[in-house]
Amino acid sequence: MRRTSIVFLCISMFSFLVACSDKSSTESADLETVTFNMSWLPQGSMAGIVVAIENGYYAERGLDVRLTRGFGGIRTVNELDQGMFEFGYADPLAVILNRRNGGATRMIGAINQNWPAGICYIKERHQISTPADLAGMSIGGGQNSPMQVILPAWLKRNGLSSDIVTLMQLDPAVISTSVIEAQIDGGECWLGNSLAIYQKRAKEAGLSIGVLLYSDFNLDIYGSGLATTDALINEQPAIVAAFVDATYQGYGYARGHQGEALEMMLRHFPILDRSVTAQQISETVELMGPVDGVGSLDGTKVANTLSFLSQAYAVEKAMTADDIYTTQFLNSK
């Protein structure tokens with residue numbers, strides 16, 4: 001665990017240094033500088049952003065996009081609302097909670113057409129095919145992870161009592177190790193993010209990972225995508241439109257050129273693991289959905305997302321789907 005913490009610290013410091021070096025090396029008086037918060041450390045889900053930077057898609061539209069690491073979706077959206085940066089990688093839950101507390105952030109496009117989370121476990125120890133099979137398991141997640149609220153709500157949606165599992169609050173850096181070492185039975189994991197890490201570490205231990213995805217059992221809601229503020233939408237819509245257009249061009253290129261996208265990610269962030277990042281990119285491409293629907297936000301599905309997350313988090317403030325998202329910048333992509 002100590003080694004994991006050291007690696008985590010090194011990645012965090014490296015990400016900060018990369019953001020700083022990008023600022024000094026790419027600054028141009030002809031470009032509008034904006035910052036994109038990745039919501040976490042660099043990973044394959046950011047391939048479309050990096051492709052758009054490296055292929056000049058942002059520059060073609062007059063933007064100089066800087067990347068900065070984040071500390072989770074909820075914090076990212078709250079800092080976005082405070083004006084610390086212009087755009088962020090965020091999920092509808094973070095936007096809903098921000099607006100519940102008087103914030104003014106909004107989703108402007110999807111990346112994950114489905115909620116990308118699930119429960120990872122060791123196949124050699126557990127046989128799991130339905131939510132009911134989780135009964136009696138101890139499951140770890142971060143203290144501030146959506147899992148702590150969404151998992152019980154999801155179990156209820158599937159006709160099960162929320163107390164059939166024991167939820168544990170752990171440092172996210174040690175969850176996969178805790179599963180592999182049998183300190184807990186299962187742990188939260190995410191497509192495009194931690195699933196690849198679970199699988200790599202399990203393979204090194206001579207084990208194999210299974211995953212039970214929420215989206216396979218009565219949960220059809222959006223995952224993470226692009227977010228900004230109402231202020232930027234209202235005051236500088238051309239910047240928002242340019243960012244959205246270039247970003248989806250980047251993700252479109254990454255879809256058809258995953259090998260190139262991987263090399264771009266590794267050039268930007270040399271400390272990344274090649275095999276883990278390649279898998280994260282592949283999973284993100286799958287989460288994007290059909291080619292002709294990349295970035296799309298369906299009103300009915302947004303309303304379902306709002307309804308489920310509001311009930312799970314007991315959000316009393318009345319909101320509509322239009323409060324948390326807009327499609328005005330998707331028509332021209």
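Residue positions are counted from 1 within each chain, in the order its sequence is given. Side-chain atom pairs in this predicted model are given and counted only at pLDDT of 80 or more, local residue features only at pLDDT of at least 70, and totals for whole chains, interfaces and linings cover all residues. Calculation of side-chain values draws on the structure's entire complement of heavy atoms; hydrogens and water are dropped beforehand.

It is not clear to me how the side chain of Asn98 should be interpreted in this structure. Could you clarify?
The helix and strand labels rest on DSSP assignments: H or I over at least four residues marks a helix, E over at least two residues marks a strand, and numbering proceeds from the N terminus. For Asn98, the position within the fold is in helix 5 (residues 92-100). Each residue gets one of three labels from its accessible area relative to the maximum for its type: buried under 20%, exposed over 50%, partly exposed in between, using a 1.4 Å probe on protein chains only. A relative accessible area of 4% means that Asn98 is categorised as buried. Side-chain atoms alone can form a polar contact between residues adjacent in sequence; in general such a contact is a pair of N or O atoms within 3.5 Å, and within protein one must be able to donate a hydrogen while the other accepts it. In this structure the side chain of Asn98 is engaged in a polar contact, spanning 2.9 Å, whose partner is the side chain of Thr105. Apart from the residues within four sequence positions on either side, Asn98 is in contact with Val77, Asn78, Asp81, Gly103, Ala104 and Thr105. By definition in these notes, contact holds between two residues if any of their heavy atoms fall within 4.5 Å.

Please explain the state of the cysteines as it appears in this structure.
When the sulfur atoms of two cysteines share a covalent bond, that bond is a disulfide. Counting rule for disulfides: a pair of cysteine sulfur atoms within 2.5 Å. Tallied over the entire structure, the rule returns 1 disulfide. One disulfide in the model links Cys120 with Cys189; its S-S distance is 2.2 Å. In this structure, the disulfide formed by Cys120 and Cys189 twists by about 90° around the S-S bond and is classed as right-handed. In this pair, Cys120 sits in strand 5 (residues 117-122) while Cys189 sits in strand 8 (residues 186-190), placing the two residues 69 residues apart along the sequence.

Please explain the packing of aromatic side chains as it appears in this structure.
Geometrically, a pair of aromatic rings is defined through the distance of the ring centres and the angle of the planes. Note on ring pairs: Phe, Tyr and Trp rings are taken, using the six-membered ring of Trp, and paired if centres are within 6.5 Å. Classes follow the plane angle, with under 30 degrees stacked, over 60 edge-to-face and the rest tilted. Considering all chains together, one arrives at 5 aromatic pairs under this definition. For the pair Phe87 and Phe243, a centre-to-centre distance of 3.9 Å together with 5° between the ring planes defines the contact as stacked. With Phe87 in strand 3 (residues 87-90) and Phe243 in helix 10 (residues 237-256), this pair connects stretches of sequence that are 156 residues apart. Considered together, Phe87 and Phe243 belong to a single accessibility category, that of buried residues. One aromatic cluster in this structure is built from Phe36, Tyr58, Phe87 and Phe243. Here the basic side chain of Arg69 rests over the ring of Trp40, its NZ or CZ set 5.5 Å away from the ring centre. Consider the ring centre and the ring normal. A charge sits over the ring if Lys NZ or Arg CZ is within 6 Å of that centre and within 35 degrees of that normal. Sitting above the plane of the Tyr222 ring, Lys301 keeps its charged end 4.8 Å from the centroid.

Mind showing me how you'd approach the confidence of the model for the protein chain here?
Low pLDDT marks regions whose predicted coordinates should not be analysed in detail. Summarising the model, the protein chain shows a mean pLDDT of 91, and 90% of its residues fall at 70 or more. pLDDT: the predictor's confidence for each residue, scored from 0 to 100. In the model, residues 1-27 has pLDDT below 50 throughout and makes 32 contacts with residues more than four positions away in sequence or in other chains.

Help me understand the sheet that holds strand 5, please; the structure alone is not making it clear to me.
Across a sheet, strands are paired by hydrogen bonds formed along the backbone, either parallel or antiparallel in direction. At least two DSSP bridges between two strands are needed for those strands to be called paired. On the basis of which strands lie adjacent, the open sheet formed by 5 strands has the order 7-6-8-5-9 and mixed pairing. Only two strands of the sheet have a single neighbouring strand rather than two, namely strand 7 (166-170) and strand 9 (209-213). Averaged over neighbouring strand pairs, the angle between their axes works out to 40° when direction is ignored. Pairing between strand 6 (residues 138-142) and strand 7: 5 bridges, direction parallel. Counted as the bridge partner of Gly140 is Met168 from strand 7. Angles shown run from 0 to 180 degrees and are taken between the N-to-C directions of axes, each axis being a line fitted to C-alpha atoms and, for helices, limited to the stretch in contact.

Before we go on, may I ask you to explain the pattern of salt bridges in this structure?
Side chains carrying opposite charge are able to pair once their charged atoms draw close together. By convention in these notes, a salt bridge is any Lys or Arg side-chain nitrogen within 4 Å of a carboxyl oxygen on Asp or Glu. Per the counting criterion, the structure on display carries 9 salt bridges. The salt bridge partner of Glu79 is Arg75, with a shortest N-O separation of 2.8 Å. In this pair, Glu79 and Arg75 both sit in helix 4 (residues 73-81), 4 residues apart, roughly one turn of the helix. Across the salt bridge formed by Arg274 and Glu263, the nearest N and O atoms sit 2.6 Å from each other.

Would you take a moment to explain the packing of helix 4 against helix 5 for this structure?
Packed helices, taken two at a time, are described by the angle between their axes plus the distance between the axes. Contact pair helix 4 / helix 5: the axes reach a minimum separation of 8 Å and the direction vectors enclose 50°. Regarding the angle of helix 4 to helix 5, the classification is oblique. Considering how the two elements wind past one another, helix 4 and helix 5 form a crossing that is right-handed. Contacts between helix 4 and helix 5 pair Gly73, Ile74, Val77, Asn78 and Asp81 from the former with Ala94, Val95, Leu97 and Asn98 from the latter. Lys, Arg, Asp and Glu make up the charged group, whereas Ala, Val, Leu, Ile, Met, Phe, Trp, Tyr, Cys and Pro make up the nonpolar group; the residues left over, Gly among them, are polar. Split by residue class, the contact of helix 4 with helix 5 holds 5 nonpolar, 3 polar and 1 charged. Every angle not falling under 35 degrees, over 145, or within 65 to 115 is termed oblique; those three ranges are roughly parallel, roughly antiparallel and roughly perpendicular. Handedness of a helix crossing follows the sense of rotation of the near helix relative to the far helix, less than a right angle counterclockwise being left-handed and clockwise being right-handed.

Sorry if this is basic, but what is going on with the pairing of strand 6 here?
The side chains of a regular strand alternate between the sheet's two faces. Among the 5 residues that make up strand 6, 5 are buried, leaving the element largely enclosed by the rest of the structure. Where the polypeptide runs from strand 6 across helix 6 (residues 147-157) and back to strand 7, its parallel neighbour, the crossover connection is right-handed. If you view a crossover with the strands going away from you and the path from the first strand over the helix to the second runs clockwise, you call it right-handed.

Mind showing me how you'd approach helix 5 here?
Residues separated by three or four positions in an α-helix point in the same direction, a consequence of the helix having 3.6 residues per turn. In terms of burial, helix 5 is largely enclosed, as 8 of its 9 residues are buried. Every buried residue of helix 5 is accounted for by Pro92, Leu93, Ala94, Val95, Ile96, Leu97, Asn98 and Arg99. In this structure Asp91 caps helix 5, since a side-chain oxygen of it lies 3.0 Å from the backbone nitrogen of Leu93. Just beyond helix 5, the residue with positive phi is Gly102, at close to 95°.

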